[in-house]
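Letter by letter, the chains look like this.
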Amino acid sequence: DVKVTQSSRYLVKRTGEKVFLECVQDMDHENMFWYRQDPGLGLRLIYFSYDVKMKEKGDIPEGYSVSREKKERFSLILESASTNQTSMYLCASSQGQGQYGYTFGSGTRLTVV
Amino acid sequence: QKEVEQNSGPLSVPEGAIASLNCTYSDRGSQSFFWYRQYSGKSPELIMSIYSNGDKEDGRFTAQLNKASQYVSLLIRDSQPSDSATYLCAVNRPDYGQNFVFGPGTRLSVLP
């Protein structure tokens, strides 16, 4: 069964910590995405990548960075965690651009205290 | 105007009825439209895609697209309590890397 795996289901971090969220897919997909989901705000795109070493800012990139050293792995980095980054983080991958749907990971619920 | 709009619900229908979920979008250049189902505490899962005007059927699900009206809908026939979930509409953004923007979702409750 093809999968997008997020390394942690729940995380609690302190304000100011550097936080790494890991995502690995086994479908040989070129495209990977990071979203956050908040009540009332829906899914919002943070960063995306259409190729190894390539990354593009999404709608809300402030306070985040990403790394994609290998095709199957896309990491989200919170440079200095803040309480307003408490959220559900969802990683997704897709086969191609525009006409293919996403496969989502199970999500990481991050709480910053 | 928000890029993708949906009624937040909750939409309540009795078991066996047809549930109708609606979505409007603002970018006339969008060409790909998806419906995702998200159970509480779970991640979204893809259930339907549609690219051309008209209807597309898959089992109990029918997606409808009207590009002139910038309107997408999802019909669920013979609704079951297991269909109770939040349904997200996603629309591609051709001028922004072809990624997708999601609507806020409509919460559907199917009553036994």
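Quick summary incoming for the structure in this document. (Residues numbered from 1 in each chain as written. Chains lettered and ligands numbered in written order. Predicted model: local features only at pLDDT ≥ 70, side-chain atom pairs only at ≥ 80, totals over all residues. Heavy atoms only, no water.)

Some details on the overall build of chain B
So, point 1. Within chain B one finds zero helices and eleven strands.
So, point 2. Shown N-terminal to C-terminal, the secondary structure of chain B runs as helices and strands in the order β-β-β-β-β-β-β-β-β-β-β.
So, point 3. Dimensions along the principal axes, computed over C-alpha positions, put chain B at roughly 45 × 30 × 20 Å.
So, point 4. Residues classed as buried in chain B amount to 44% of the 112 residues present.
So, point 5. Taking the contacts inside chain B whose residues are at least 6 apart along the sequence as the reference set, 54% of them involve residues at least 24 apart.
So, point 6. Surface summary for chain B: the accessible area is close to 5200 Å², and the carbon and sulfur share equals 47%.
So, point 7. In chain B, the 10 positive side-chain charges and the 11 negative ones have mean positions that sit 3 Å from each other. (Helix = DSSP H or I, 4+ residues; strand = E, 2+ residues; numbered from the N terminus. Buried < 20%, exposed > 50% of the residue type's maximum accessible area, 1.4 Å probe, protein only. Contact = heavy atoms within 4.5 Å. Areas by Shrake-Rupley, 256 points an atom, 1.4 Å probe, with all protein chains shown as cover. Lys, Arg positive; Asp, Glu negative; His and termini not counted. Charge placed at Lys NZ, Arg CZ, Asp CG, Glu CD.)

Section: the layout of surface pockets
So, point 1. Considered as a void within the structure, the largest pocket measures approximately 560 Å³ in volume.
So, point 2. What lines the largest pocket is a set of 23 residues, and nearest its centre among them are A:Gln37, A:Asp38, A:Pro39, B:Gln38 and B:Thr86.
So, point 3. Contributing elements (two or more residues each) for the lining of the largest pocket: β5 (31–38) and β10 (87–94) of chain A together with β9 (85–92) and β11 (106–111) of chain B.
So, point 4. For the lining of the largest pocket, the leading source of residues is β9(B), giving three residues.
So, point 5. Its residues placed into classes, the lining of the largest pocket shows seven nonpolar, twelve polar and four charged. (1 Å grid on protein atoms, 1.4 Å probe; cavity = no way out; pocket = protein on both sides within 12 Å on 5 of 7 lines; lining within 4 Å. Points joined across faces, edges and corners; volume = space filled by probe spheres on them. Nonpolar A, V, L, I, M, F, W, Y, C, P; charged D, E, K, R; others polar.)

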